[in-house]
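Notes for the structure review
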Amino acid sequence: MTHPFLDLTPLGADRFAAIEDRVARLLSTEQDVVIMQGEALLPLEGAIRAAAGPGTTALNVVTGPYGQTFGDWLRDCGATVIDLAVPFHTAVTAEEIRQAFAEHPEIDFVSLVHAEAATGNTNPVAEIGEVVRAHGALFYLDAVASIAAEPVLPDAWGVDLCVIGAQKAMGGPAGVSAVSVSERAWARMAANPKAPRRSYLSLLDWKERWIDGGRKALLHAPAQLEMLALEACVERIEAAGLDAVMARHASAAAATRAGAVALGGGLEPYVYEARDAAPVATTLRAPSGSVASELVRRALEADPAVPLAAGGGPLAKEMIRVNHYGADATPGAVRASLAALGVALSEQGLPVDVAAALRAVEGAWG
């Protein structure tokens, strides 16, 4: 018995390298790009453990739960960590980064999340990159949620380690990810005696055994289905045009925000300013006296297909996420999400106007 997913010609090094090249073009980067065979947490952790260690002083920007995780990894590596935490309903500013450097000139590593899908904010990386570059610190960026939803330009922004994943705005698989690595970052890793070696976390293994070898022999058997899915989703983005895909996500965010305000019932945007709101997902604050997770449960009962989720951990009480990314960055998904929330709010006796919300979606869609 044969199956099209199981009886494929083995994926060779040439095809693997060609997919890496397409990902590099998506990032507009001349840096080395390494595709890693796992979900984005693999290169996110691997890059930190390779580039940071005892003697590193890291400025770790916390605008959501992933920033908190990065701080934990940095401390575990032996780095001295200075956390710069801002409220989750806003974004960090370049001036706050500059002030941190003034207070701690010894900082030589900066970790930042571009867009926090979990909290719905996005940070001004281009402006921050100028400040980091002027200071001379190594710049590590989590662009997993932002890639294909908004510009991600590691070379132009001076990002030394830029990690992306395909499972959100790219509309691709979750089991494969990538990181672009600058020459400065490779040098920092090579000088770090605690950088992982002969390990699934090791970027240096990929550098020495894959890149330096001319990308002729893979380290191990590739995750074939995930690699083919990654190739397919990059091909789809290329066919549509990256600008068009990003515009679709921006329209979904603007329409969700406008529709939620028009819906009423006490629902309001969680991120105060639209300029700080991520195009990959819109977070909403549940009305006073309501529990976000309960509203999401009722909304999903009304329409199980809508891309709604409650906030994680303590945010489950107050935050609702509309995950309008990838295939759900469409007017239909936004309309259905707001209609389902309207049902949930009305069941709690709150006054809503679904028709007004749907009109607002149409008016705000670019």
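Residues numbered from 1 in each chain as written. Predicted model: local features only at pLDDT ≥ 70, side-chain atom pairs only at ≥ 80, totals over all residues. Heavy atoms only, no water.

With that out of the way, let us pick up the nonpolar core. Core analysis: the biggest nonpolar cluster contains 93 residues, and Ile 97, Leu 161, Met 170 and Leu 230 have the highest contact counts within it. It is helix α1 (residues 13–26) that provides the largest number of residues to this core, a total of seven residues. Those residues in contact with Leu 230 that lie beyond four places of it in its chain are Ile 19, Val 23, Ile 35, Ala 166, Met 170, Pro 173 and Val 176. (Core = buried A, V, L, I, M, F, W, Y, C linked by side-chain atoms within 4.5 Å. Buried < 20%, exposed > 50% of the residue type's maximum accessible area, 1.4 Å probe, protein only. Helix = DSSP H or I, 4+ residues; strand = E, 2+ residues; numbered from the N terminus. Contact = heavy atoms within 4.5 Å.)

On to the packing of aromatic side chains, then. Across all of its chains, the model carries six aromatic pairs by this definition. Pairing Phe 16 with Trp 210 gives two aromatic rings, centres 5.5 Å apart and planes at 80 degrees, and the pair type is edge-to-face. Residue Phe 16 is found in helix α1, and its partner Trp 210 is found in helix α8 (residues 203–211); the two are separated by 194 residues along the sequence. A relative accessible area of 0% places Trp 210 in the buried class. Put simply, the rings of Phe 70, Trp 73, Phe 109 and Tyr 140 touch in pairs and so form one group of aromatic residues. (Phe/Tyr/Trp six-rings, centres within 6.5 Å; stacked < 30°, edge-to-face > 60°.)

Attention now goes to the sheet that holds strand β11 (residues 282–285). The strand order across the open sheet built from four strands is β10-β11-β13-β12, with neighbouring strands paired in antiparallel fashion. Each end of this open sheet is capped by a strand with a single partner; those strands are β10 (268–269) and β12 (308–310). Sheet topology note: the β12/strand β13 (residues 319–322) ladder contains three bridges and is antiparallel. Paired with Ala 310 across the two strands is Ile 320, which belongs to β13. Relative to β11, helix α10 (residues 242–263) is tilted by about 15 degrees, and along the sheet it contacts β10, β11 and β13. (Pairing = 2+ DSSP bridges. Axes fitted to C-alpha atoms, helices over the stretch in contact; angles between N-to-C directions.)

So, on to the sheet that holds strand β2 (residues 57–62). What the seven strands build is an open sheet, ordered β1-β9-β8-β7-β4-β2-β3; its pairing is mixed. Edge positions in the open sheet fall to β1 (32–36) and β3 (80–85), since each of these has one partner strand only. Pairwise comparison of adjacent strand axes, ignoring direction, gives a mean angle of 15 degrees for this sheet. Strands in contact with helix α5 (residues 125–135) are β4 (109–113) and β7 (138–142); relative to β7, the strand with the most contacts, it is inclined by about 160 degrees.

What follows is about helix α9 (residues 224–240). Given a rise of 1.5 Å per residue, 17 residues ought to cover 24 Å, and the 25 Å separating the end C-alpha atoms of α9 matches this to within 8%. The inward-facing, buried residues of α9 abut α1, β1 and α10. Remark: Gly 241 follows α9 within two positions and exhibits a positive phi of approximately 100 degrees. (Expected span 1.5 Å × (residues − 1).)

This paragraph deals with the state of the cysteines. Throughout the structure, instances matching the rule amount to zero disulfides. Cys 77 carries a free sulfur, and the closest cysteine sulfur to it, the one in Cys 162, is 19 Å from it. Between Cys 162, a cysteine without a disulfide, and Cys 233, which holds the nearest cysteine sulfur, the sulfur-to-sulfur distance is 15 Å. For Cys 162, a relative accessible area of 0% puts it in the buried group. (Disulfide = S-S within 2.5 Å.)

Scanning the entire structure with this criterion turns up 23 salt bridges. Two residues, Lys 207 and Asp 212, come together in a salt bridge whose shortest N-O distance is 3.1 Å. Residue Lys 207 is classed as buried on the basis of its relative accessible area, which comes to 17%. (Salt bridge = Lys/Arg side-chain N within 4 Å of Asp/Glu carboxyl O.)

These figures capture arrangement, not role.
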